[in-house]
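Structural overview for review
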Amino acid sequence: MKEWKPARWGLMVLVAISSTGIQAQQKPSPEVHVFSIQQALDYAKQNNVQVKNALLDIQIQEQTNREFTGTAYPQISANGSLVYNAKLPVSLVPAEFFGGQAGTFEKLAFGVKWGATGGVSLNQILFDGQVFVGLQARETLIKFQEKKAEITEETIRANIYKIYYQLIASKTQIELLDANIELLNKLQHDTRIMHENGFAEKLDLDKLSVQLANLQTEKVSALSQIQNGYLGLKVLMGMPVKDSLMLTDSLDDEQIKNGILELSDFDYTQRKDYQYANLGVALGEYDVRRYKLAKLPTLSLNGYYNKNAQRNKFDFLQKGDWFDISAFTLHLNIPIFTGMAANARIAKAKIALEQTVNQREALKINIDNEIETARNNFNTAVSTMDYQKKNMELAETVFQQTRKKFEIGTGSNTEITQAQTDMKAAQTNYINALYNAIIARVDYIKATGRL
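Attention in this report is confined to the structure presented alongside it. (Residues numbered from 1 in each chain as written. Predicted model: local features only at pLDDT ≥ 70, side-chain atom pairs only at ≥ 80, totals over all residues. Heavy atoms only, no water.)

Before going further, it helps to examine the packing of helix 2 (residues 37-47) against helix 3 (residues 49-70). Close contact between helix 2 and helix 3 brings their axes to 6 Å; oriented N to C, the two are set at 55°. One way to sum up the angle between helix 2 and helix 3 is to call them oblique. Only V49, V51 and K52 of helix 3 make contact with helix 2, whose side of the interface consists of A44, K45, Q46 and N47. Here the residues of the contact of helix 2 with helix 3 are counted per class, giving three nonpolar, two polar and two charged. (Axes fitted to C-alpha atoms, helices over the stretch in contact; angles between N-to-C directions. Helix = DSSP H or I, 4+ residues; strand = E, 2+ residues; numbered from the N terminus. Parallel < 35°, antiparallel > 145°, perpendicular 65-115°, else oblique. Contact = heavy atoms within 4.5 Å. Nonpolar A, V, L, I, M, F, W, Y, C, P; charged D, E, K, R; others polar.)

Structure representation (structure tokens):
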């Protein structure tokens with residue numbers, strides 16, 4: 001008998017946890033959330049730590065842009081200084097200047113003990129090619145971070161879709177297990193009566209008890225795996241694990257199949273990662289322009305206005321002269337020879353741009369592969385799901401007919417045991433096929449950029 005695969009749930013829970021990290025969000029009391037798939041996606045957009053950090057990256061870029069823009073505005077600063085000359089410099093002066101003997105010198109100290117200066121300065125870039133390009137690139141940089149955030153959100157959305165609908169489909173698994181348990185309970189009851197009347201052996205009852213115990217154990221295991229699935233979904237959404245979560249959407253075979261392969265009008269620009277690659281190319285082009293314009297002259301204006309005073313005593317707050325000092329400088333810098341460094345930077349930026357373009361072209365090939373693979377997987381998954389559903393229905397019919405034969409005494413316990421085993425294997429195969437179809441559907445929608 002093909003066993004149910006609980007590892008599938010373990011894998012999805014691992015994906016959820018590895019996508020987000022453990023998020024410890026404690027609240028005073030657990031909350032109850034009743035979510036459709038859209039509500040689950042909206043909740044994750046607000047609470048998933050990766051999505052929140054990606055949105056914060058946009059804010060960081062906005063502040064970086066503001067910081068860079070500030071360099072293009074006038075830079076005005078105030079300054080002040082206070083000097084105390086503990087020892088004034090001494091100079092030798094010919095004594096004859098003061099009526100002394102020629103050829104001799106007098107020692108004179110020049111300066112005052114105290115000096116103070118205060119003023120303002122101005123620096124303004126009038127033209128700088130690199131600054132000009134940087135200002136042009138600001139909007140593209142913001143879009144680059146926004147697209148990165150969208151890609152992060154899309155990855156989270158895909159995993160939420162998969163786990164959410166697998167949890168919805170798990171109801172079918174539990175319903176089938178309950179139906180099997182009910183059938184075996186009824187069969188056990190009938191067999192017990194037949195045994196009491198001498199038409200069945202004690203061994204037949206024991207075999208049914210073993211089968212019933214196995215089904216009960218499998219149901220407990222399935223419920224545990226489903227509970228872990230709910231925990232994984234909560235972690236992925238950024239929800240405290242102590243909160244209660246109920247899912248309201250439904251899903252059936254037809255919903256899985258309908259409208260998917262009609263998505264044929266695909267264009268690469270529908271994929272967020274391709275849009276992200278295009279923005280990367282645009283930023284690379286800005287880099288090349290920036291280094292080219294760095295070879296142009298730069299022009300800047302500098303100016304200052306100061307007042308200074310000199311005293312032998314610290315009496316600057318009293319009456320006394322303060323002298324004005326002011327100047328403006330127009331500075332032109334013309335690069336003539338930079339040791340080929342500028343050309344090397346341009347060449348390096350061009351090579352990096354070429355790499356980015358190559359990566360974008362490789363991405364197109366990968367996208368084509370993803371779409372074809374996802375389409376093939378979806379077709380296979382749907383066909384398998386349909387086949388396994390028919391096989392399950394047939395196995396259920398065989399079991400019902402075998403049970404009737406057993407009840408009227410024309411069938412053996414071995415036959416009904418085998419029929420029940422075959423039915424359970426068919427049901428397990430159908431559930432696995434249903435889960436695979438859900439994953440294949442999400443993968444195909446994501447591959448075509450419509451998630």
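Read on, since the account is not over.
Of all hydrophobic cores here, the largest spans 71 residues; its most connected members are I160, Y164, L233, M237 and L247. Contributions of two or more residues to this core are made by helix 2, helix 5 (138-196), helix 6 (202-237), strand 6 (244-247), helix 8 (272-293), helix 9 (341-407) and helix 10 (413-447). Residue contributions to this core peak at 18 residues, all from helix 5. L233 has contacts with I160, I163, Y164, L167, L245 and L247, leaving out every residue within four places of it along the chain. (Core = buried A, V, L, I, M, F, W, Y, C linked by side-chain atoms within 4.5 Å. Buried < 20%, exposed > 50% of the residue type's maximum accessible area, 1.4 Å probe, protein only.)

It is at 9 Å that the axes of helix 5 and helix 6 come closest, and there the two elements cross at 165°. Relative to helix 6, helix 5 is oriented roughly antiparallel. Crossing angle aside, the handedness with which helix 5 passes helix 6 is left-handed. For the contact of helix 5 with helix 6, a count of residues per class yields 21 nonpolar, 12 polar and six charged. (Left-handed = near helix turned anticlockwise from the far one by under 90°.)

With that settled, consider helix 5. With 59 residues, helix 5 ought to run about 87 Å at 1.5 Å a step, and its terminal C-alpha atoms sit 87 Å apart, in line with that. Of the residues flanking the end of helix 5, it is G198, one or two places downstream, whose phi is positive at about 85°. (Expected span 1.5 Å × (residues − 1).)

This part is about the side chain of Q420. Counting through the fold element by element, Q420 comes out in helix 10. Apart from the residues lying within four places of it in its own chain, the contact partners of Q420 are N180, L184, Q211, L215 and F399.

Okay, the environment of R345 next. Tracing the sequence through the fold places R345 in helix 9. Considered as a pair, R345 and S412 are 67 residues apart in the sequence and their alpha carbons are 86 Å apart.

Here four strands make up an open sheet; going across it, the order is 2-5-7-8 and the pairing antiparallel. Edge positions in the open sheet fall to strand 2 (75-84) and strand 8 (323-333), since each of these has one partner strand only. Strand-to-strand twist of the sheet, defined as the mean angle between neighbouring strand axes without regard to direction, takes the value 15°. Of the strand pairs in this sheet, strand 2 and strand 5 (residues 114-127) are connected by 10 bridges, and their pairing is antiparallel. What sits directly across from S81, in strand 5, is T117. (Pairing = 2+ DSSP bridges.)

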